[in-house]
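Reading the structure
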Amino acid sequence: MIRRRNAIYESRCTRVHLQKLLRTFPFDLVCKRMHHALQIQEILSHIFIYCNPLILDLSADLHKNALSDLAGLARTCRVFKEPAFDVLWEALNDLSPLVRCLPETSHQVSPGMYSFTRPLTQTEWDVLQGYTRRIRSLWMSVDRIGEESLQILSNPPTTAPLFPNLRTLSCQYTVKTMPLLRLPFPSLAFLLVMFENPQLFQNSFNTLPNFFPNIKRLAIYVQSVATIDKIEPNDMCRWQNLCSVVCPCVALDVDTLAHLSRMPALTHLEFALSATLPLAASNSPIVCSNVHDFKLNSKSLETISRFLSRIQLPAITSFSAVMGSCPSRQELSSFFAGIQTSNAGHAIERLRFHQSPDPFSNVLHLECPNLGLEDLRPCMAFNLRQLSLDIVWNVGLTDSDLLTLASAWPHLENLVINEFSGWNALGGITPDGLLQLLQTCRSLNCIALAIDTRDYTELPPSGSPGSLGLTLPPRSNINVLDSVIEPESVPAVAAFFAGIAPCSDFYFSAWRSHIMLRRRGQNVYKSKDRWDEVYSRASEAVSRRS
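In this text, all values refer to a predicted model and were calculated from it rather than measured experimentally. (Residues numbered from 1 in each chain as written. Predicted model: local features only at pLDDT ≥ 70, side-chain atom pairs only at ≥ 80, totals over all residues. Heavy atoms only, no water.)

**So, the overall build of the protein chain**
This is how the line gets drawn: Each helix is a run of DSSP H or I of at least 4 residues and each strand a run of E of at least 2, with the numbering of both proceeding from the N terminus. Burial classes follow relative accessibility: with a 1.4 Å probe on protein chains only, a residue under 20% of its type's maximum area counts as buried, one over 50% as exposed, and anything between as partly exposed. The criterion used for residue contact is that any of the two residues' heavy atoms lie within 4.5 Å. Only the protein chains shown count as cover for residues, and all accessible areas are computed by the Shrake-Rupley method using a 1.4 Å probe.
The helix and strand tally for the protein chain stands at 21 helices and 21 strands. Across the 546 residues that make up the protein chain, the buried fraction comes to 49%. Counting contacts in the protein chain only where the partners sit at least 6 residues apart, residues at least 24 apart contribute 75% of the total. Accessible surface for the protein chain amounts to roughly 25,300 Å². Of this, 51% is attributable to carbon and sulfur atoms.

In structure tokens form, the structure reads like this:
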């Protein structure tokens, strides 16, 4: 029994975790017996979870060691075998372990590839199913397994499911993986599918409900510039228990949306909005009574605004809109009016609207509109906790503008304006204005605003911001975007940020996006280097204070 105990303590990457946990359940060395608590499967399962590389978020090398530790625990004694195997096989990142777990006589190994050399015997199928029944999460990567082996796995000699307890499945939808996706998955709750060939997926989509009857979360992603114009509503309607549908490149028609709106469990909905979607005023509005998180993707903000006038979202707390083109001032105004029309304004807490970045666009924004207070004033009707907008406009917000907006959001946590496009302006919020903003919004922990540091060469007479009790929460995120800073302002600005940062674990960035860095005539890299110096000085000051 002492050897068994040592086998556990000799685990490489998880030794510390196991020692701390097993110390609570010591071995009875006098009677040469294991403590009775370690004979309880639930306790062992909880302990062995700390060897799971997915939970520990380990690097590649430690990932391999952790798997070896679990295998070693399974061989330590009979009591450990089942719970250790359950954790070891709980999540797979590819299908090759299903080949490697069988005797060497059944398969061959070529560089980076595993393949069966013959059909499997019934005994080998029994061994294989002893492992597959433990799998709860699977990333169906087929890069390391031969095509003939996939055919063998796709045709088990039994009507019983090969993966009876699988809950999460992620896969690329290709001709190679299609046979596996026709296996029954009775317990599957979350399906994530990625594909490059929209036509292939669209033609096969109608078969998915047959094999995944109990889906609760569905995610469909396109790995190309193509978009699926339509999914047959009868196919989507065969799922009755969906609580989350995420398909940012799939256009849903009115019938499918009407079916989804009647699902009492549906709380998260994201899809592409087609400009040709019929939304006649004579039609009854679509009412999504229980949707809390709603995301729309469209080529233009105008299409989103028209759709919002024909849908009711009484329970929404988070709304996101992504458009492909730069909106006009009229489109922006119509968008905010549409949110109010959809009855979402009174409950919405998180608002995000972004323009899809185009790295080849006119990064100088020379002829773009100027974003001001009046453009964002409709947002003051919402009780926001998070505001994130990013459109290819120049931003002309001042201290008074931002403080006016913030006065309507006392519980604001995130304020992010043009994180990727930048402000393209010399101005921004001043350090004094930022202090007033922190005083108004005490929960603010994520800021992406341009900072106006012109003539800011020393701290105000009132002293450090920290002495006034105006600091950011721990692990805050500060992004000063494309702010320009002169050398003489670096010491004072560094002292300012050291004052509002309570500890050294804050994140600071500047000039982070490619759009900002490609600009000309603003001494881009000089400003970026100066902000790096600001961060270095501020971090050093905070560390000394801590």
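**Examining the pattern of salt bridges**
Under the convention used in this document: By definition, a salt bridge exists where a carboxyl oxygen of Asp or Glu is found within 4 Å of a side-chain nitrogen of Lys or Arg.
With the rule as written, the count across this model stands at 16 salt bridges. The shortest N-O distance in the salt bridge between R530 and E486 comes to 4.0 Å. With a gap of 44 residues between them, R530 in helix α21 (residues 524-545) and E486 in the loop between β20 (477-479) and α19 (490-500) connect regions that are remote in the sequence. A relative accessible area of 39% means that E486 is categorised as partly exposed. The shortest N-O distance in the salt bridge between E533 and R537 comes to 3.0 Å. In this pair, E533 and R537 are both assigned in helix α21, 4 residues apart and thus about one turn of the helix distant. A single network of salt bridges, built from pairs that share partners, joins E82, D86, R133 and R134.

**Comments concerning the side chain of E124**
Along the chain, E124 turns up in helix α8 (residues 122-132). A relative accessible area of 8% means that E124 is categorised as buried. Contacts of E124, omitting those with residues within four sequence positions, involve L102, P103, S106, R118 and P119.

**Let's talk about unusual backbone geometry**
Phi at N418 takes a positive value of approximately 60 degrees, unusual for a residue other than glycine. Phi angles above zero are rare outside glycine, and D455 is one such case at about 65 degrees. Following the sequence through the fold, D455 ends up in the loop between β19 (446-448) and β20.

**Points about the side chain of S298**
Here is the rule: Polar contacts, as used here, are pairs of N or O atoms within 3.5 Å; protein pairs need one atom able to donate a hydrogen and one able to accept it. Residues neighboring in sequence count only if both atoms are side-chain atoms.
Here S298 shows up in strand β11 (residues 293-298). Using a relative accessible area of 12% as the deciding quantity, one classes S298 as buried. At 3.2 Å, the side chain of S298 forms a polar contact with the backbone oxygen of S300. Ignoring any residue separated from it by four or fewer positions in sequence, one finds S298 in contact with L273, T303, I304, V322, M323 and G324.

**So, the environment of S244**
Tracing the chain through its elements places S244 in strand β8 (residues 244-251). The spacing of S244 and A219 is 25 residues in sequence and 8.0 Å in space, taken between C-alpha atoms. Apart from residues no more than four positions distant in its own chain, S244 is found in contact with K216, R217, L218, L266 and H268.

**Quick word on the packing of aromatic side chains**
The criterion, for reference: Two rings from Phe, Tyr or Trp (for Trp, the six-membered ring) form a pair when their centres sit within 6.5 Å of each other. Planes less than 30 degrees apart are called stacked, planes more than 60 degrees apart edge-to-face, and all others tilted. Charges are assigned to positions over rings by a cutoff of 6 Å between ring centre and Lys NZ or Arg CZ, combined with an angular limit of 35 degrees from the ring normal.
Under the defined criterion, the tally for this structure stands at 20 aromatic pairs. Centroid distance F335 to F353: 5.4 Å. Interplanar angle 55 degrees. Geometry classified as tilted. Of this pair, F335 sits in helix α15 (residues 329-341) while F353 sits in strand β14 (residues 350-355), and the two are 18 residues apart along the sequence. As far as burial versus exposure is concerned, F335 and F353 are alike and both buried. Site record: aromatic cluster; members linked through ring pairs are F271, F294, F307, F319, F335, F336 and F353. The ring of F190 carries the charged tip of R217 above its face, separated from the ring centre by 4.1 Å.

**Section: the nonpolar core**
Within soluble globular proteins, side chains that are nonpolar generally end up buried alongside one another. We count it as follows: Within this scheme, the nonpolar core is defined by two criteria: the residues are buried Ala, Val, Leu, Ile, Met, Phe, Trp, Tyr or Cys, and they are joined through side-chain atoms within 4.5 Å.
Ranked by size, the top nonpolar core spans 158 residues in total, and within it F294, F319, L351, F497 and W531 carry the most contacts. Sort the elements by how many residues they give to this core and α19 lands first, with 8 residues. The contact partners of F294, leaving out residues within four places of it in the chain, are L269, F271, F307, I311, L313, I316, S318, F319 and S320. Judged by nonpolar contacts, the second largest core, of 5 residues, contains F190, L192, M194 and V246.

**Considerations on the confidence of the model for the protein chain**
What counts, and what does not: Per-residue confidence from the predictor is reported as pLDDT, a score between 0 and 100.
The predicted model of the protein chain averages 82 in pLDDT, with 83% of residues at 70 or higher. Confidence drops under a pLDDT of 50 for residues 1-16, and excluding neighbours within four residues, the segment shows 32 contacts in the predicted structure. The low-confidence segment residues 18-31, where pLDDT is below 50, has 29 contacts with residues more than four positions distant or belonging to other chains.

**What to know about the state of the cysteines**
Working definition of a disulfide: a covalent bond connecting the sulfur atoms of two cysteines. Here is the rule we go by: By definition, disulfides here are pairs of cysteine sulfur atoms that lie within 2.5 Å.
Taken as a whole, this structure holds 0 disulfides when the rule is applied. Lacking any disulfide linkage, C247 is separated from the closest cysteine sulfur, that of C249, by 9.1 Å. Residue class for C247 comes out buried when judged on its relative accessible area of 0%.

**Let's talk about the packing of helix α18 (residues 431-440) against α19**
Put simply, the test is: Convention adopted: a line fitted to C-alpha atoms gives each axis, helices being fitted over their contacting stretch, and angles between N-to-C directions are expressed from 0 to 180 degrees. Any angle between 65 and 115 degrees counts as roughly perpendicular, while under 35 counts as roughly parallel, over 145 as roughly antiparallel, and the rest as oblique. In this classification, Asp, Glu, Lys and Arg are treated as charged, Ala, Val, Leu, Ile, Met, Phe, Trp, Tyr, Cys and Pro as nonpolar, and every other residue, Gly included, as polar.
Orientation of α18 relative to α19, taken along the N-to-C sense of each, is 5 degrees, at an axis distance of 11 Å. Taken together, α18 and α19 sit at an angle that is classed as roughly parallel. Two secondary-structure elements touch here, α18 through P431, L434, L435 and L438 and α19 through F496, F497 and I500. Partitioned by chemical class, the residues of the contact of α18 with α19 number 7 nonpolar, no polar and no charged.

**Topic: the pairing of strand β18 (residues 414-417)**
Quick note on the threshold: Between any two strands, at least two bridges found by DSSP are needed for them to pair. By convention, a crossover is right-handed whenever its connection, traced from the first strand over the helix to the second and viewed with the strands pointing away, goes clockwise.
Going residue by residue along β18, you find N414 and V416 tucked away on one face and L415 and I417 tucked away on the opposite face as well. Sheet topology note: the strand β16 (residues 386-390)/β18 ladder contains 4 bridges and is parallel. Note that in β18 the partner of S388 across the bridge is V416. Bridge count for β18 against β19 is 3 bridges, and the pairing is parallel. By the bridge assignment, V416 is partnered in β19 with A448. In this fold, the crossover linking β18 to β19 by way of α18 has right-handed handedness.

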